[in-house]
Amino acid sequence: MATISLARGVPAPECIPVEELADCARAAILRDGAAALSYGAGGGYAPLRAWIADRHGVDPGRVVVTNGSLQGFVFLAGLLAGSGERVILEAPTYDRPLKILDGLGAEIVAVPQTDEGIDVDVLAEELRRGPRPAFLYVIPTFQNPSGRTLGVEGRRRLLELASEHDLIVLEDDPYGLVRFEGTPPPTLFELEGGERVIYSSSFSKTVAPGVRVGYLVLPEALAGRVEAAAASTYITPSLLAQATVHEFLIRGALARNLQLVGSLLKARRDALIAALEDGFAGTGASWSVPEGGYFLWLDLPGVDIVELLAAAEKAGVTFVPGPDFFPRGDGGGSAARLAFSFASPAQLAVAGARLASLVSAAPAVELREQHAA
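Being a predicted model, the structure only gives us computed values, none of them experimental.

### A look at the overall build of the protein
Tallying secondary structure elements over the protein gives 13 helices and 14 strands in all. The C-alpha radius of gyration of the protein comes to 21 Å, within 12% of the 21 Å expected for a compact globule of 373 residues. For the protein, the spread of C-alpha atoms along the three principal axes comes to 60 × 50 × 40 Å. Looking at the protein as a whole, 55% of its 373 residues are labelled buried. Looking at the protein alone, contacts between residues at least 24 apart form 75% of all its contacts between residues at least 6 apart.

What follows is the structure, given as structure tokens:
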């Protein structure tokens, strides 16, 4: 039995514009190969920095292009969050920053979510309670892992708190352009103007993950420090990959690819949700219904999600258990992140049915007893 993976946020192969990227790479080498194939500035390929800067209305010196957006987080965390520094984030949240902050010895403060993302009322209480944090890390649009999106009023309230407490906010936005429906809210960066909000994004979800091109839009002083950290880490980023992405962008190919990706992933989201509606109707289970992105959050009250994962893997389905997205695994014991980005609609329908049958066949009390044994 082939395993259907709902674990990794990987785009389906048909989402990746292989032939066009191959042509873009060739064109980039022929046009600017002397620069793209050599060493360059730690801040990235200059034409791409200029394109990103124009998109966000800033000077190119405020843009640092990194080898994937997570590398940008590593640089920022290393500069801002030393041992013992408080960092606030929403819970659940992306598991990789949790690991990075834990490795730095930072004090991780988790703020719970509502159905619309980070609970700004609890955030306000936390900011009043302790010393000023090094920064707040938040994924306000199609959040990983929950798929939730913070509404405009919640965004405005969050920014009011940032102003009141002189708080740096790191807005991670890799999924915002992968929208299937609905009206996109302004980013935190757009609402605030970029004085306290650092904006992070990536072309992994909109072009291809293998190009490893992410970027940060930073205050000018901090941009210089991040660029220096990049140069001291890898001398120069992958300029050929960045030049290839730049060629893709100036051709206008991004809009075409977003339309393709949106249609492909919407069909996948719909197939998974339909399977959950059929299989978990009347059980008390709940799940998010994102208007875009790669993930949804499934909550099965009373079910031991670790035991369910073990059973699911034997039945040919895998996912990421909820505790992976909480500091110290303290939360999400009945929840799972389901990625719908890679498997086909038919596979997603099968995966949802298998999960439902496992929960139906093994009541929560039995799962807990197995875990205790």
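Okay, back to it.
### Considerations on the packing of helix 5 (residues 120-129) against helix 6 (residues 152-164)
One way to put it is that helix 5 packs onto helix 6 with a least axis distance of 10 Å and a crossing angle of 5°. Relative to helix 6, the element helix 5 is oriented roughly parallel. Where helix 5 abuts helix 6, its residues Val-120, Leu-123, Ala-124 and Leu-127 lie against Gly-154, Arg-157, Leu-158 and Leu-161.

### A look at the sheet that holds strand 9 (residues 214-217)
Spatially, eight strands are ordered 2-9-8-7-6-3-4-5 in an open sheet, and the strand pairing comes out mixed. Strands at the two margins of the open sheet, each flanked by one partner only, are strand 2 (63-66) and strand 5 (117-118). As judged from the three bridges shared by strand 3 (residues 86-91) and strand 6 (residues 135-138), these two strands associate in the parallel manner. For Ile-88, the partnering residue across the bridge sits in strand 6 and is Leu-136.

### What to know about the pairing of strand 8 (residues 197-202)
Of all six residues making up strand 8, six are buried, and the element is well covered by its neighbours. Burial of strand 8 is two-sided: the residues Val-197, Tyr-199 and Ser-201 facing one way and the residues Ile-198, Ser-200 and Ser-202 facing the other way are all buried. As defined by bridge partners, strand 7 (residues 169-172) adjoins strand 8 across four bridges and the pair is classed as parallel. Residue pairing in the sheet places Glu-171 in a bridge with Tyr-199 of strand 8. As paired elements, strand 8 and strand 9 share four bridges and run antiparallel to each other. When the bridges of strand 9 are listed, Ser-200 appears paired with Leu-216.

### Structural notes on the layout of surface pockets
By volume, the largest pocket is sized at about 670 Å³. If you trace the largest pocket, you find 33 residues lining it, with Gly-9, Tyr-94, Arg-96, Tyr-175 and Lys-205 closest to the centre. Those elements giving two or more residues to the lining of the largest pocket turn out to be helix 3 (69-80), helix 4 (95-104), strand 7 and strand 8. A per-element tally of the lining of the largest pocket places helix 3 first, with five residues. Approximately 360 Å³ is the volume attributed to the second largest pocket. For the lining of the second largest pocket, the secondary-structure elements that each account for two or more residues are helix 2 (46-56), helix 7 (188-192) and strand 8. Per-element accounting of the lining of the second largest pocket gives the leading share, four residues, to helix 2. Of the residues belonging to the lining of the second largest pocket, the class tally is 11 nonpolar, seven polar and four charged.

### Topic: the confidence of the model for the protein
When pLDDT is averaged along the protein, the result is 95; 97% of the residues meet or exceed 70. Low pLDDT, under 50, characterises residues 364-373; the stretch is placed with 12 contacts to residues that sit more than four places away or in other chains.

### A look at the packing of aromatic side chains
The geometry of an aromatic ring pair is captured by the separation of the ring centres together with the interplanar angle, meaning the angle of the planes. Following the criterion strictly, the structure yields 11 aromatic pairs and no others. On the basis of an interplanar angle of 55° and a centroid distance of 5.7 Å, the ring pair of Tyr-175 and Tyr-294 is categorised as tilted. You can see Tyr-175 sitting in the loop between strand 7 and helix 7 and its partner Tyr-294 sitting in the loop between strand 10 (286-287) and strand 11 (295-299), a full 119 residues away along the chain. Grouping residues by exposure puts Tyr-175 and Tyr-294 together as buried. Pairwise contacts between aromatic rings join Phe-189, Tyr-199, Phe-203 and Tyr-215 into one cluster. Taking the ring centre of Tyr-294 as reference, the NZ or CZ of Lys-205 above it sits at 5.8 Å.

### Some points on unusual backbone geometry
Cis geometry is found at the peptide bond from Ala-91 to Pro-92, where omega equals 5°. Mapped onto the fold, Pro-92 is located in the loop between strand 3 and helix 4. In this chain, Asn-144 is followed by Pro-145 through a cis amide linkage whose omega measures 20°. Residue placement: Pro-145 occurs in the loop between strand 6 and helix 6. Unlike most non-glycine residues, Phe-142 shows phi in positive territory, near 50°. Position of Phe-142 relative to the elements: it lies in the loop between strand 6 and helix 6. Its relative accessible area of 1% is what places Phe-142 among the buried residues.

Cut-off values and rules
Residues numbered from 1 in each chain as written. Predicted model: local features only at pLDDT ≥ 70, side-chain atom pairs only at ≥ 80, totals over all residues. Heavy atoms only, no water. Helix = DSSP H or I, 4+ residues; strand = E, 2+ residues; numbered from the N terminus. Rg over C-alpha atoms; globule rule 2.2 N^0.38 Å. Buried < 20%, exposed > 50% of the residue type's maximum accessible area, 1.4 Å probe, protein only. Contact = heavy atoms within 4.5 Å. Axes fitted to C-alpha atoms, helices over the stretch in contact; angles between N-to-C directions. Parallel < 35°, antiparallel > 145°, perpendicular 65-115°, else oblique. Pairing = 2+ DSSP bridges. 1 Å grid on protein atoms, 1.4 Å probe; cavity = no way out; pocket = protein on both sides within 12 Å on 5 of 7 lines; lining within 4 Å. Points joined across faces, edges and corners; volume = space filled by probe spheres on them. Nonpolar A, V, L, I, M, F, W, Y, C, P; charged D, E, K, R; others polar. pLDDT = per-residue confidence, 0-100. Phe/Tyr/Trp six-rings, centres within 6.5 Å; stacked < 30°, edge-to-face > 60°. Lys NZ or Arg CZ within 6 Å of the ring centre and 35° of its normal.

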